[in-house]
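One-letter residues, chain by chain:
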Amino acid sequence: SVNVAANFLRPIVQADLQSGKHSSIVTRFPPEPNGYLHIGHAKSICLNFGLAKEFGGVCHLRFDDTNPAKEEQEYIDAIKDDVRWLGFQWDGEVRYASDYFEQLYQWAVYLVEQGKAYVCDLSPEQAREYRGSLTEPGKNSPFRERSVSENLDLLTRMRAGEFPDGTCALRAKIDMASPNMNLRDPILYRIRHAHHHQTGDAWCIYPSYDFTHGQSDAIELITHSICTLEFEDHRPLYEWFLEQLPVPAKPRQYEFARLNLNYTITSKRKLKQLVDDQHVSGWDDPRMSTISGFRRRGFTPASIRNFCDMIGVNRAGGIVDLSMLEFCIREDLDYNATRAMCVLKPLKVVITNYPEDQELMLQLPRHPKRDEGVRELPFAREIYIDASDYEENPPKGYRRLMPGTEVRLRGSYVIRADEAIRDAEGNIVELRCSYDPETLGKNPEGRKVKGVIHWVPAAQSVECEVRLYDRLFSTANPDKDVEGETSESFLDNINPESLVVLKGCRAEPSLLQAQVGESFQFEREGYFCLDNVDSKPDALVFNRTVTLRDSWGK
Ligand code: ATP
Ligand code: MG
Ligand code: MG
């Protein structure tokens, strides 16, 4: 039940289908396997897979794996998991740009034969100088007029491994004076004697992103190649290659604004730094903006998909408020999460007038609004309530337990606080209360009891650990501001209270059946899930997904 915002690509696809330009559409999601996917990638996944689904087309998952130095199998596996978890399935097998290395090489040879590419011996520094600037045209490389046969010979020897890294590169011969820097004889191949996760040691030259991307799209007969706006300036080059080469199709590139979310980092490089420098426990730390982090935190795939629908797709960009994402998960969990009680800071309560041997099994609804059945909860003479639900010097408006006042135990009786027992230091270690036996499922006679608190039975509850997660960064723009000042690094803006670990919490016994992937509303505390890494059947660990209400900054 969320508002679906506009997506400017929808009418474009519609028109292409109506005009018969395409009989069906093929999109692709093309991550580089150099890190885990983040919430920005989720936008791209929902867009590419979503359009294909909506218009009866297909979407490919293609790893853009042209940079072996930074890529790893671990990332490939995690990315596949994340896409599936979000609820999408790619068409056919997973694809790799490296599957096309031989074809790409043949096309490089073709360009050389056409006199449209040359081997250049300028060092990277020299090449930068020759390239000019935005205000100054570049200069032709002294190697630009090499003959076709010399270039073919050099390219063959580059491939054969005769030259060390960086000694030369294959460049397209386009226009060193073009106002678009990407057209100033861009690099097609670099020498890199590196092992590749897919192709092993078959290659010691690797194609550039620009030389790979459009041709891979063409090979896969992609109809709409959708990428983020920073590639807008690359589009003329994308089209140049497709014009020059005997490719099987001419896909078209469209650009949209990337997702920027406040309080959040969406850069793989920076996320990797958080992991490498151990500011977080790993890529799937529940505070990370990675898809696996959100998953471990207890976000549902639907909440993330709804969020992507709500923000829409346009070319204008802007910064999205993190509270929109939190709204989406709250809305999902309010409807779907099972209710349960868990006492985070237990204070023992002895109900002195409750018979020691009296057994009472209560049945509480698993959901207040939906018919999800009941959960069983034993009531007993000894229970735990939260320490913050008893105050001797309460603030105004306090509705929980105070000396001599009454409160309702959720789903159970009304109790009155009679006496607090203290240890030698004066800390309250136990409460003595009495219950009104006439109040089970009924209002008490002649008086109003307003407060309702959560509780668990002492003996039958389960000890557990609860991890209270909050935003990882305490400033809206982690890259910039510390209270209006410019910070040196986003690391300065890490929220020191982004994780609070509580041990010795007490969960109601029904939570022993909790499954990974299941969400709960711990009444009055927030939404929680089992930690998918550290929780064990005899040592439960729950993560707070989100608080019940938006209380940030209040
Ligand atoms: P990063 O800057 O984090 O390294 P990237 O763009 O280099 O991201 P890729 O693996 O190349 O990461 O991204 C795969 C796809 O996801 C690309 O089409 C890219 O445009 C898209 N994408 C990446 N970040 C975002 C974002 N913040 N919002 C929307 N789409 C994104
Ligand atoms: Mg990229
Ligand atoms: Mg990148």
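Residues numbered from 1 in each chain as written. Chains lettered and ligands numbered in written order. Predicted model: local features only at pLDDT ≥ 70, side-chain atom pairs only at ≥ 80, totals over all residues. Heavy atoms only, no water.

**Brief notes about the overall build of the protein chain**
Link 1 in the chain: Counting its regular elements, the protein chain contains twelve helices and 29 strands.
Link 2 in the chain: Along the first, second and third principal axes, the C-alpha atoms of the protein chain reach 100 × 55 × 40 Å.
Link 3 in the chain: Out of the 554 residues belonging to the protein chain, those deemed buried represent 52%.
Link 4 in the chain: Sequence-distant contacts in the protein chain: of pairs separated by 6 or more residues, those separated by 24 or more amount to 71%. (Helix = DSSP H or I, 4+ residues; strand = E, 2+ residues; numbered from the N terminus. Buried < 20%, exposed > 50% of the residue type's maximum accessible area, 1.4 Å probe, protein only. Contact = heavy atoms within 4.5 Å.)

**What to know about the sheet that holds strand β3 (residues 95-96)**
Link 1 in the chain: Sheet architecture is open: three strands sit in the order β1-β2-β3, paired in parallel fashion. Each end of this open sheet is capped by a strand with a single partner; those strands are β1 (26-29) and β3.
Link 2 in the chain: As paired elements, β1 and strand β2 (residues 58-63) share four bridges and run parallel to each other. Opposite Phe 29, over in β2, you have Leu 61 as the bridge partner.
Link 3 in the chain: The sheet strands contacting helix α3 (residues 73-85) are β1, β2 and β3, and the helix crosses β2 at an angle near 160 degrees. (Pairing = 2+ DSSP bridges. Axes fitted to C-alpha atoms, helices over the stretch in contact; angles between N-to-C directions.)

**Observations regarding the domain arrangement of the protein chain**
Link 1 in the chain: Domain annotation for the protein chain reports domain 1 (9-260), domain 2 (262-336 + 462-507 + 514-554) and domain 3 (340-461).
Link 2 in the chain: Relative to domain 2, the C-alpha centre of domain 1 lies at a distance of 34 Å.
Link 3 in the chain: Counting from both sides, the interface comprises 31 residues of domain 1 and, opposite them, 32 residues of domain 2.
Link 4 in the chain: At the boundary of domain 1 with domain 2, the tally comes to two salt bridges.
Link 5 in the chain: A salt bridge links Glu 255 to Arg 315; its shortest N-O distance comes to 3.0 Å.
Link 6 in the chain: Viewed at the interface, domain 2 and domain 1 are joined by nine residue pairs in polar contact (both at pLDDT 80 or more).
Link 7 in the chain: Those elements giving two or more residues to the side of domain 1 that touches domain 2 turn out to be α2 (39-54), α3 and β9 (252-256).
Link 8 in the chain: When residues in the side of domain 1 that touches domain 2 are grouped by element, the largest group, eight residues, is from α2. (Domains from an automatic or database assignment. Salt bridge = Lys/Arg side-chain N within 4 Å of Asp/Glu carboxyl O. Polar contact = N/O pair within 3.5 Å; in protein donor to acceptor, adjacent residues only side chain to side chain.)

**Overview of helix α4 (residues 101-113)**
Link 1 in the chain: With 13 residues, α4 should cover 18 Å at 1.5 Å per step; its first-to-last C-alpha distance of 18 Å lies within 8% of that length.
Link 2 in the chain: What α4 keeps buried is the set Phe 101, Leu 104, Tyr 105, Trp 107, Ala 108, Val 109, Leu 111 and Val 112. (Expected span 1.5 Å × (residues − 1).)

**A few points about the site of ligand 1**
Link 1 in the chain: In the region of ligand 1, 14 residues are neighbours, and Glu 32, His 38, Thr 228, Leu 259 and Lys 268 sit closest.
Link 2 in the chain: Interatomic distance of 3.3 Å between a backbone N/O atom of Gly 40 and a nitrogen atom of ligand 1.
Link 3 in the chain: Thr 228 is positioned with one of its side-chain polar atoms (N or O) 2.7 Å from an oxygen atom of ligand 1.
Link 4 in the chain: Here ligand 1 loses 85% of its free accessible area of 600 Å² to cover by the protein chains. (Near = heavy atom within 4 Å. Areas by Shrake-Rupley, 256 points an atom, 1.4 Å probe, with all protein chains shown as cover.)

**A few points about the packing of aromatic side chains**
Link 1 in the chain: Counted according to the given criterion, the structure contains 22 aromatic pairs.
Link 2 in the chain: The interplanar angle of 80 degrees and the centroid separation of 5.8 Å between the aromatic rings of Tyr 75 and Trp 283 together place this pair among those described as edge-to-face. With Tyr 75 in helix α3 and Trp 283 in the loop between α9 (268-276) and α10 (291-297), this residue pair connects regions lying 208 residues apart in the sequence.
Link 3 in the chain: Among the residues examined, Tyr 75 registers a relative accessible area of 4% and is labelled buried.
Link 4 in the chain: Residue class for Trp 283 comes out buried when judged on its relative accessible area of 8%.
Link 5 in the chain: Clustering of aromatic rings is evident, with ring pairs tying together Phe 101, Tyr 105, Tyr 189, Trp 203, Tyr 206, Phe 211, Trp 240 and Phe 241.
Link 6 in the chain: Positioned over the ring face of Tyr 105 is Arg 159, at 4.6 Å from the centre of the ring.
Link 7 in the chain: Residue placement shows Arg 471 over the ring face of Tyr 263; its charged tip is 4.5 Å from the ring centre. (Phe/Tyr/Trp six-rings, centres within 6.5 Å; stacked < 30°, edge-to-face > 60°. Lys NZ or Arg CZ within 6 Å of the ring centre and 35° of its normal.)

**Overview of the pairing of strand β19 (residues 414-422)**
Link 1 in the chain: By the bridge criterion, three bridges tie strand β18 (residues 406-409) to β19 in an arrangement that is antiparallel. Of the residues in β19, the one forming a bridge with Arg 408 is Val 414.
Link 2 in the chain: Taking the residues between adjacent antiparallel strands as the criterion, β18 and β19 are bridged by four residues, where Gly 411 takes a positive phi near 70 degrees.
Link 3 in the chain: As defined by bridge partners, β19 adjoins strand β20 (residues 428-436) across eight bridges and the pair is classed as antiparallel. Pairing of Ile 421 across the sheet is with Glu 430, part of β20.
Link 4 in the chain: Here β19 folds back onto β20, and the loop between the two strands holds five residues, one of which, Gly 426, carries a positive phi near 95 degrees.

**Re the pattern of salt bridges**
Link 1 in the chain: Per the counting criterion, the structure on display carries 43 salt bridges.
Link 2 in the chain: A salt bridge links Arg 28 to Asp 217; the nearest nitrogen and oxygen atoms lie 3.2 Å apart. Taken together, the residues span a long stretch of sequence, with Arg 28 in strand β1 and Asp 217 in helix α7 (residues 209-219) at a distance of 189 residues.
Link 3 in the chain: Residue class for Arg 28 comes out buried when judged on its relative accessible area of 0%.
Link 4 in the chain: Of the residues examined, Asp 217 reaches a relative accessible area of 0% and is grouped as buried.
Link 5 in the chain: The partner of Asp 121 in a salt bridge is Arg 146, with the nearest N and O atoms 2.7 Å apart. One end of the pair, Asp 121, is in the loop between β4 (117-120) and α5 (124-130); the other, Arg 146, is in the loop between α5 and α6 (148-160), with 25 residues separating them in the sequence.
Link 6 in the chain: Several salt bridges converge on common partners, so that one network encompasses Asp 284, Arg 296, Glu 465, Arg 467, Lys 503, Asp 531 and Asp 534.

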